[in-house]
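Spelled out, the chains give:
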Amino acid sequence: MSSLATLPVTTPATEPVPSRPRRRRPRAAMVMTHVALLVSGIAWMYPFLWTLGSSLKDTSEFFGRGLNPLPSRVLWSNYQDAWAQASFGTYFVNTLLITIGTCAGTLVVTAMAGYVLARAPFPGRGICLFLISATLFLPHGYTIIPIFDLMERLGLLNSLFSIIIVQAAGGVVFGTFLFMGYFQTIDGELEDAARVDGAGFHQTFWRIMLPLSGPMLATVGLFTAISAWNSYFIPLVFTLARPEQRTLSVGMYAFIGENSTQWTLLCAGSVITIVPIVVLFVLLQRFFVNGLAGAIKG
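Residues numbered from 1 in each chain as written. Predicted model: local features only at pLDDT ≥ 70, side-chain atom pairs only at ≥ 80, totals over all residues. Heavy atoms only, no water.

### What about the side chain of threonine 204?
Structurally, threonine 204 can be placed in helix α11 (residues 201-212). Overall, the relative accessible area of 5% leaves threonine 204 in the buried class. Excluding anything up to four places from it in sequence, threonine 204 contacts Tyr115, Glu191, Ala194, Ala199 and Met209. (Helix = DSSP H or I, 4+ residues; strand = E, 2+ residues; numbered from the N terminus. Buried < 20%, exposed > 50% of the residue type's maximum accessible area, 1.4 Å probe, protein only. Contact = heavy atoms within 4.5 Å.)

### Considerations on the packing of α11 against helix α12 (residues 214-230)
Direction vectors running N to C along α11 and α12 enclose 65°, while the axes themselves pass 5 Å from each other. Between α11 and α12, the crossing angle belongs to the class labelled roughly perpendicular. Contacts between α11 and α12 pair Leu210, Pro211 and Leu212 from the former with Gly214, Pro215 and Leu217 from the latter. Residues belonging to the contact of α11 with α12 are distributed by class as follows: 5 nonpolar, 1 polar and no charged. (Axes fitted to C-alpha atoms, helices over the stretch in contact; angles between N-to-C directions. Parallel < 35°, antiparallel > 145°, perpendicular 65-115°, else oblique. Nonpolar A, V, L, I, M, F, W, Y, C, P; charged D, E, K, R; others polar.)

### Describing the side chain of threonine 273
Here threonine 273 lies in helix α15 (residues 263-297). Classification of threonine 273 by relative accessible area gives buried; the value is 10%. Ignoring anything within four residues of it in the chain, the contact list for threonine 273 reads Trp229, Leu248 and Met252.

### Comments concerning the environment of leucine 49
As for its placement among the helices and strands, leucine 49 is situated in helix α2 (residues 27-54). The partly exposed category is assigned to leucine 49, whose relative accessible area is 40%. Through-space distance from the C-alpha of leucine 49 to that of proline 69 is 6.5 Å; in sequence the pair is 20 residues apart.

### Observations concerning unusual backbone geometry
For asparagine 158, which is not glycine, the phi torsion reads 60° and is therefore positive. Locating asparagine 158 in the fold gives a position in the loop between α7 (140-153) and α8 (160-170). Take asparagine 158: its relative accessible area is 33%, and that puts it in the partly exposed class.

### Thoughts on the confidence of the model for the chain
Scored by pLDDT, the chain comes out at a mean of 81, with 85% of its residues at no less than 70. When mean pLDDT is compared element by element in the chain, helix α5 (residues 88-119) scores highest at 91, while helix α1 (residues 2-6) scores lowest at 47. Residue range residues 1-5 is modelled with pLDDT below 50. Its contacts to residues more than four positions away, or to other chains, number 0 contacts. (pLDDT = per-residue confidence, 0-100.)

### Topic: the environment of phenylalanine 174
Mapped onto the elements, phenylalanine 174 comes out in helix α9 (residues 172-183). Setting aside residues no more than four positions away along its own chain, phenylalanine 174 makes contact with Leu136 and Phe223.

### Some details on the packing of aromatic side chains
One pass over the full model with this rule turns up 15 aromatic pairs. Residues tryptophan 83 and phenylalanine 92 carry aromatic rings whose centres are separated by 5.4 Å and whose planes lie at 50° to one another, so their mutual orientation is tilted. Since its relative accessible area comes to 39%, tryptophan 83 is described here as partly exposed. Ring centres 5.4 Å apart and planes at 75° place the aromatic pair tyrosine 115 and phenylalanine 183 in the edge-to-face group. Taken together, the positions of tyrosine 115 in helix α5 and phenylalanine 183 in helix α9 put the pair 68 residues apart, joining distant regions of the chain. Note on tyrosine 115: relative accessible area 2%, which makes it buried. (Phe/Tyr/Trp six-rings, centres within 6.5 Å; stacked < 30°, edge-to-face > 60°.)

### A word on α12
Since there are 3.6 residues in each turn of an α-helix, residues three or four apart along the chain are aligned in direction. Its 17 residues place the ends of α12 24 Å apart at the C-alpha level, agreeing with the 24 Å of an ideal helix rising 1.5 Å per residue. Every buried residue of α12 is listed here: Pro215, Met216, Ala218, Thr219, Val220, Gly221, Leu222, Thr224, Ala225, Ala228 and Trp229. (Expected span 1.5 Å × (residues − 1).)

Right under this line is the structure:
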């Protein structure tokens, strides 16, 4: 018995289960997928490419070459004429000022409101969130009359400042919810450490939480910039009496009615309108993705 007890106990070796070979995607299917995506991308980009090429043509070539986007002779003077003669330079400056002012106002208000709703429990918080959410379903068409009357009573009509206020107010709700979701993802130990060091609620926000919300600032700023840059209805209503305060979108529509034959200048104005916002998105796309992912996670 003792000899049997000293014998080592062996377990049967388990044979490794052969892994199933991965099925490689057929090369023909991969090639067809890339071709389909390439064709779809070209079809999606073609209107912009045609507009870009048409902005460099003369009037006869614009009508003569049809859907061919390539100009036989490049005319950079179309941009100069559109900027000066068609007043697109004035419209561009107006749009830029409105976009900057709207972004600044929206970021300040939404960042503070989102931080309070995320980090400061107070009585009536649920009711406040419900009321803020309800305003998302109010269309601009039903609220423009009281807003117009309010701006008139405040003496702010016929000014770019009125457009900035109205457009910034329109983006407060969406930006507030994005900031609220983002601030909820930040560890609360940072606030506890700041409180131990003697920082108050406002100091914690401005010195710690706001610098950490860079991706969300870029996200909300990009959303607001795109909306303000492309806005048509509100600038149209508030610039009816002041044509020199038109934005690019309103000016382009007026240009079609006033100069319906100068299509090359219209195409040049369209390129002037599109390029800045595309460049802004390319520069901020990394922050945009990070900030949106953080808001959804929260």
